[in-house]
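The lines below spell out each chain.
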Amino acid sequence: MAPLPLDILTQRMERAWRRKDFWSSQLTEAYALATPSRNMFQQGRTPGDTQGELLYDGTLQNATSNLANKLQAEYFSSFSKFLRVVPGVAFESAVENIEQREQIQKEINQVNAVHEAAMEISNFDQAVGEMLIDYSVGTGFMMPRKGTRDRPLEYLAVNPAHIAMSEGPNSEIWEYYRKHKLYPRLVQATWESMGGEYSDKWVKWAEDEENNAQRITVEEAIYFSREDDTWYFVLLCDDAPELNGSEEKYKIVETKVGKTWLSPRWMLEAGEVWGRGPVLQALPEARVLNEIKKLLLQNASVSLFPPMTAVDDVDFNPAMFSFEPAYINMVSRNGGPLGAAIQKLDVGGDLRMGQFIFQEIQANIKKIMLDDNLPSLAGAVHTPTEIMERKRELQQNKAAPFGRLAKEFMRPLAQSNLNILAELKLIKPIKLDGLVFDLQIMNPTAQIQREEKIIDLERSMEVVAKINPAIIPMAYRVEHIPQWTADLLGVNPELLRTSAEVKKMQEMAAQAQQQNPEVAASVN
């Protein structure tokens, strides 16, 4: 299938932006309360604007930051090896020769070493931190990009306000659209990693200094074609009608690319493209809490500097009466004919009731945002058992969205990285199909799940040992257990003996047994 015609692509793009408008009001409020500095949904915002001036309570903002930090520390900790290529379940059947199998394992080790080194010198830590804040709201966006041989991998985290998208089958995103405002001379440099041929007409127009007097709108489209199993990248411009002599969008460049955008979503509701995260779940509570805090602050200001009443000979005018702090309202009399000349106006509600509701809502928000892993330091002393149970509950809650995060972010991230490194000739091409070659995710959540398999084996062997320890070597292939546990725990394969080395030691033990049974026993 050829790339989409310009008119069809334009229609799809407009439909995606219209569907995005349904979310604008909710996302604007969510970002205003959870992360004001990233609230690009707000209309009329300019660089350097003050953000959060309407934010009276920072509970949701602090909880969002804490959640993003916890996710990064748990899943993408700096300088940790959280993604490893390993042989899949069909590796041995696909590669029957033992020597060839061991040679491929050495190549896999080299791939992992290059991949880990490339990620350490990249900007992944900064980009994933920004992406996880958006992910806490519901949907995050990141694009791995090809760099240079000195810095092979680069990452770009993009605010969801700038992107519209559409789904394909099985809830997979097949269309991404993004709008930019930039100077024409910067277009080629911005999308240099995408490749593609720019027409001489565009290059000449973009280099003209008169055309760079102001920024133009450039629209980026990246979509998947199922017919030829290909991703296409297109750049469009609608601020330069002189290029095509009409009011239609001008196609700057079009080329084939690999999968570029990574868009993890916390969870999905039926019929929706955008994800819903804990921030959206806590939004009603945060909205009420912000208003309560606003009223408490207003009440406090009135209590400290109450409005006053003063005697006035003219009739009372409600339109002129004010409840501002320290304001003096003129009245006919205070407390009857002999009332005071000036006195305090008795206003304000019960602050204790507001404080009680305030604390309850704060606790609810922290629970939704997984920010209550440890009991409060105030109050009674908590037992170690209670603390461990709270931490285990937090671990279970964080493990719930882990499957979608692994499917929509971690696996595509690893494959994109490997494709870029192979394109730069730093490694051999490798495809993570889950059968011959697979991806092992190294983080505490995944590690706990793998350790449970080892515990199950230990329990099984303990039951058999109670019956008769002598039948364990007959019931279990004990010689394979060390390799199996090492694979589950992510032990460096270079520390393990190869099949040839194990075979050689077995032959030495057999020879020693024939010559001296006592020495053979010590070798075994």
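Here, the structure is the one placed above.
## Digging into the overall build of the protein chain
Then, in step 1: Helix and strand counts for the protein chain stand at 17 helices and twelve strands.
Then, in step 2: Split into buried and exposed, the 524 residues of the protein chain put 40% on the buried side.
Then, in step 3: A fraction of 68% describes how many contacts in the protein chain between residues 6 or more apart in sequence connect residues 24 or more apart.
Then, in step 4: In the form shown here, the protein chain has an accessible surface area of approximately 29900 Å², with 53% of it arising from carbon and sulfur atoms.

## Comments concerning the pattern of salt bridges
Then, in step 1: On inspection of all chains with the given rule, the structure shows 15 salt bridges.
Then, in step 2: E220 is paired through a salt bridge with R178; the nearest N and O atoms lie 3.9 Å apart. With E220 in strand β6 (residues 216–225) and R178 in strand β5 (residues 173–182), the pair connects residues that are 42 residues apart, well separated along the chain.
Then, in step 3: Judged by relative accessible area, which is 2%, E220 ranks as buried.
Then, in step 4: When salt bridges with common partners are traced through the structure, they connect E167, R265, R404 and E408 into a single cluster.

## As for unusual backbone geometry
Then, in step 1: Phi angles above zero are rare outside glycine, and S171 is one such case at about 65°.
Then, in step 2: Relative to the elements of secondary structure, S171 occurs in the loop between β4 (163–167) and β5.
Then, in step 3: For S171, a relative accessible area of 33% puts it in the partly exposed group.
Then, in step 4: Positive phi values are uncommon outside glycine, yet K425 reaches one of about 65°.
Then, in step 5: Inspection of the secondary structure assignment puts K425 in the loop between α12 (402–423) and β12 (437–441).
Then, in step 6: On the basis of relative accessibility, which here comes to 69%, the residue K425 falls in the exposed class.

## Considering the packing of helix α2 (residues 59–75) against helix α5 (residues 124–137)
Then, in step 1: Put simply, α2 and α5 touch, their axes get as near as 9 Å, and they point 130° apart. The orientation of α2 with respect to α5, classified from their angle, is oblique. Once α2 is placed against α5, the crossing between them reads as right-handed. Here α2 contributes T64, L67, A68, L71 and Q72 to the contact with α5, which in turn contributes D125, V128, G129, L132, I133, Y135 and S136.
Then, in step 2: Partitioned by chemical class, the residues of the contact of α2 with α5 number seven nonpolar, four polar and one charged.

## Looking at the pairing of β4
Then, in step 1: Taken across its five residues, β4 has four buried, putting it largely inside the fold.
Then, in step 2: By the bridge criterion, five bridges tie β4 to β5 in an arrangement that is antiparallel. Looking at the pairing, E167 lines up with I173 of β5.
Then, in step 3: In this antiparallel pair of consecutive strands, β4 and β5, the connection spans five residues, and N170 shows a positive phi of 60°.

## Some remarks on the sheet that holds strand β8 (residues 250–257)
Then, in step 1: Reading across the sheet, the five strands line up as β4-β5-β6-β7-β8 and stay open at both edges, with antiparallel pairing between neighbours. Here the strands that pair on one side only, and so sit at the sheet edges, are β4 and β8. Each strand of the sheet is rotated relative to its neighbour by a mean of 15°, with strand direction disregarded.
Then, in step 2: Here helix α1 (residues 6–34) sits on the sheet and contacts β4, β5, β6, β7 (230–237) and β8; the angle it forms with β4, its principal contact strand, is near 105°.

## What to know about helix α4 (residues 98–120)
Then, in step 1: For α4, which comprises 23 residues, the first-to-last C-alpha distance of 33 Å matches the rise-based estimate of 33 Å (1.5 Å per residue) to within 8%.
Then, in step 2: Within α4, burial applies to R101, I104, I108, N109, V111, N112, V114, H115, E116, A118 and M119.
Then, in step 3: Check the buried side of α4 and you find it contacts β1 (83–87), α3 (91–94), α5, β3 (153–157), α12 and β12.

## Points about the layout of surface pockets
Then, in step 1: Quantified by volume, the largest pocket comes out at close to 1900 Å³.
Then, in step 2: Surrounding the largest pocket, 43 residues form its lining, E92, H480, Q483, W484 and D487 being those nearest its centre.
Then, in step 3: Of all the secondary structure elements, the ones that give two or more residues to the lining of the largest pocket are β1, α3, α4, β12, α13 (444–467), α15 (481–489) and α16 (499–515).
Then, in step 4: Residues of the lining of the largest pocket, tallied by class, amount to 17 nonpolar, ten polar and 16 charged.

## Side note on the packing of aromatic side chains
Then, in step 1: Scanning all chains against the criterion turns up 17 aromatic pairs.
Then, in step 2: Consider the rings of F76 and F124, whose centres lie 5.9 Å apart with planes at 70°: the pair is edge-to-face. Here F76, found in the loop between α2 and β1, pairs with F124, found in helix α5; they are 48 residues apart in sequence, far enough to count as distant. There is no split in this pair, since F76 and F124 are both buried.
Then, in step 3: Each ring, one from W202 and one from Y250, has its centre 6.5 Å from the other, and the planes form 25°; the classification is stacked. Of this pair, W202 sits in helix α7 (residues 200–207) while Y250 sits in strand β8, and the two are 48 residues apart along the sequence.

Definitions and cut-offs
Residues numbered from 1 in each chain as written. Predicted model: local features only at pLDDT ≥ 70, side-chain atom pairs only at ≥ 80, totals over all residues. Heavy atoms only, no water. Helix = DSSP H or I, 4+ residues; strand = E, 2+ residues; numbered from the N terminus. Buried < 20%, exposed > 50% of the residue type's maximum accessible area, 1.4 Å probe, protein only. Contact = heavy atoms within 4.5 Å. Areas by Shrake-Rupley, 256 points an atom, 1.4 Å probe, with all protein chains shown as cover. Salt bridge = Lys/Arg side-chain N within 4 Å of Asp/Glu carboxyl O. Axes fitted to C-alpha atoms, helices over the stretch in contact; angles between N-to-C directions. Parallel < 35°, antiparallel > 145°, perpendicular 65-115°, else oblique. Left-handed = near helix turned anticlockwise from the far one by under 90°. Nonpolar A, V, L, I, M, F, W, Y, C, P; charged D, E, K, R; others polar. Pairing = 2+ DSSP bridges. Expected span 1.5 Å × (residues − 1). 1 Å grid on protein atoms, 1.4 Å probe; cavity = no way out; pocket = protein on both sides within 12 Å on 5 of 7 lines; lining within 4 Å. Points joined across faces, edges and corners; volume = space filled by probe spheres on them. Phe/Tyr/Trp six-rings, centres within 6.5 Å; stacked < 30°, edge-to-face > 60°.

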